[in-house]
Amino acid sequence: MRDGVENEPARRHRAVVFDLWETLIDWDPEGAARMVAQVGAVAGDGFVERWNSSTTRYVAPLRMALAEAGVGEGLMDEICAIRLAYHRKALVPRPGAVDTLRELKRLGFLVGLITVCSEDIVRLWPESDFAGLFDAEVFSSQVGLSKPDPRIYLHCCELLDVEPHEAVFVGDGANDELAGARRVGMEAILIEREGEDPLWPEIADWAGPRVTTIPGVLSVLERL
Ligand SMILES: [Mg+2]
């Protein structure tokens, strides 16, 4: 038990749930496009267009999504290797992210993850610096749900054994994820890059709490 815990007022929130891309790790749209083009050079004409318009790439097993985009079994291993190499490089915590996750746990918060991602991330997760830091991890490609579907937030809350109003969601706003969190009763914090306009139109008029670094979440939580 930490010092003085008995004298502290009851905290409203018990859990903090993070988005992954452009929240805990950087998302480089140009790097991602290069990787898809590299895959396209192997997979052949029309792949890039089919992949970019795929509705299953983030909510289905990778091989299934690639097959739907026209990748034959014979090219599957080579293409998966290209994708894995790209994702391994990308799955690197932003400054202060790991320390903040540890500090949240030390303070008694439960820590969750909800990410819209391909199965590459699921595969690489155990060997990443994030392994073992979360109480619940929800990967869209594993659960077959995407943000802002209310069920994906509720699933995470259930895994954490908290009510939605006891949880705070932190994300960059892609997939309308902040409003989605609020619609199920969670609080939401926007993370944005200092001095840059928001990437997503749906958060252009975000009036809720915001941070520019992951460690900044700690001080915002004190005010919520
Ligand atoms: Mg994101």
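Reading the values: rules and limits
- Residues numbered from 1 in each chain as written.
- Predicted model: local features only at pLDDT ≥ 70, side-chain atom pairs only at ≥ 80, totals over all residues.
- Helix = DSSP H or I, 4+ residues; strand = E, 2+ residues; numbered from the N terminus.
- Rg over C-alpha atoms; globule rule 2.2 N^0.38 Å.
- Contact = placed C-beta atoms within 7 Å.
- Pairing = 2+ DSSP bridges.
- Core = buried A, V, L, I, M, F, W, Y, C linked by C-beta atoms within 7 Å.
- Buried ≥ 20, exposed ≤ 12 C-beta atoms within 10 Å, placed from the backbone.
- Domains from an automatic or database assignment.
- Nonpolar A, V, L, I, M, F, W, Y, C, P; charged D, E, K, R; others polar.
- Expected span 1.5 Å × (residues − 1).
- Right-handed = clockwise from strand over helix to strand, strands pointing away.

### So, the overall build of the chain
Logical step 1: Looking only at helices and strands, one finds 10 helices and six strands in the chain.
Logical step 2: Against the globule reference of 17 Å for 224 residues, the chain gives a C-alpha radius of gyration of 18 Å, in line with a compact fold.
Logical step 3: Dimensions of the chain, computed from the C-alpha atoms along their principal axes, are close to 65 × 35 × 30 Å.
Logical step 4: Relative to all contacts within the chain whose residues are 6 or more apart in sequence, the contacts with residues 24 or more apart total 62%.

### Quick word on the sheet that holds strand 1 (residues 15-18)
Logical step 1: Overall, parallel pairing links the six strands, which are arranged 3-2-1-4-5-6 in an open sheet. The sheet is open, and its two borders are formed by strand 3 (136-139) and strand 6 (210-211), each paired with just one other strand.
Logical step 2: Relative to strand 4 (residues 167-171), strand 1 is paired through four bridges, and the arrangement is parallel. In the sheet register, phenylalanine 18 faces strand 4, and the bridge partner there is valine 170.

### Topic: the nonpolar core
Proteins that are soluble and globular tend to have nonpolar side chains buried together.
Logical step 1: Membership of the largest hydrophobic core comes to 57 residues, with the highest contact counts inside it found for Val16, Val17, Ala167 and Phe169.
Logical step 2: Per element, the largest residue contribution to this core is five residues, and it comes from helix 8 (residues 150-160).
Logical step 3: When residues of this core are sorted by domain, at least three fall in each of domain 1 (5-25 + 92-223) and domain 2 (29-90).
Logical step 4: Sequence-distant contacts of alanine 167, defined by excluding residues within four places in its chain, comprise His13, Ala15, Val17, Cys157, Leu160, Val162 and Met186.

### Things to note about the domain arrangement of the chain
Logical step 1: What the domain assignment lists for the chain is domain 1 (5-25 + 92-223) and domain 2 (29-90).
Logical step 2: Placing the centre of domain 1 and that of domain 2 at their C-alpha centroids yields a distance of 27 Å.
Logical step 3: Contact with domain 1, which involves 15 residues of that partner, is made by 11 residues of domain 2.
Logical step 4: Elements that contribute at least two residues to the side of domain 1 that touches domain 2 include exactly helix 6 (119-124) and helix 7 (140-143).
Logical step 5: Residue composition of the side of domain 1 that touches domain 2, by class: seven nonpolar, five polar and three charged.

### Digging into helix 4 (residues 73-90)
Logical step 1: In this model, helix 4 (18 residues) spans 26 Å end to end at C-alpha, consistent with the 26 Å of a helix rising 1.5 Å per residue.
Logical step 2: Residues of helix 4 that are buried include every one of Ile79, Arg83 and His87, and no others.
Logical step 3: Its buried side turned inward, helix 4 meets helix 1 (29-43), helix 3 (62-68) and helix 6.

### Section: the pairing of strand 2 (residues 110-115)
Logical step 1: Within strand 2, five of the six residues are buried, leaving the element largely enclosed by the surrounding structure.
Logical step 2: The sheet contact formed by strand 1 and strand 2 spans four bridges and is parallel. Across the sheet, the residue bridging to valine 17 is glycine 112, located in strand 2.
Logical step 3: Pairing geometry for strand 2 and strand 3, over four bridges, is parallel. In the strand pairing of strand 3, threonine 115 is matched with phenylalanine 139.
Logical step 4: In terms of handedness, the path from strand 2 via helix 6 over to strand 3 forms a crossover that is right-handed.

### A few points about the environment of leucine 221
Logical step 1: With respect to the element layout, leucine 221 can be found in helix 10 (residues 216-223).
Logical step 2: For the pair leucine 221 and leucine 160, spaced 61 residues apart in the sequence, the C-alpha separation amounts to 18 Å.
Logical step 3: Not counting chain neighbours up to four residues away, the residues in contact with leucine 221 comprise His13, Val16 and Val168.

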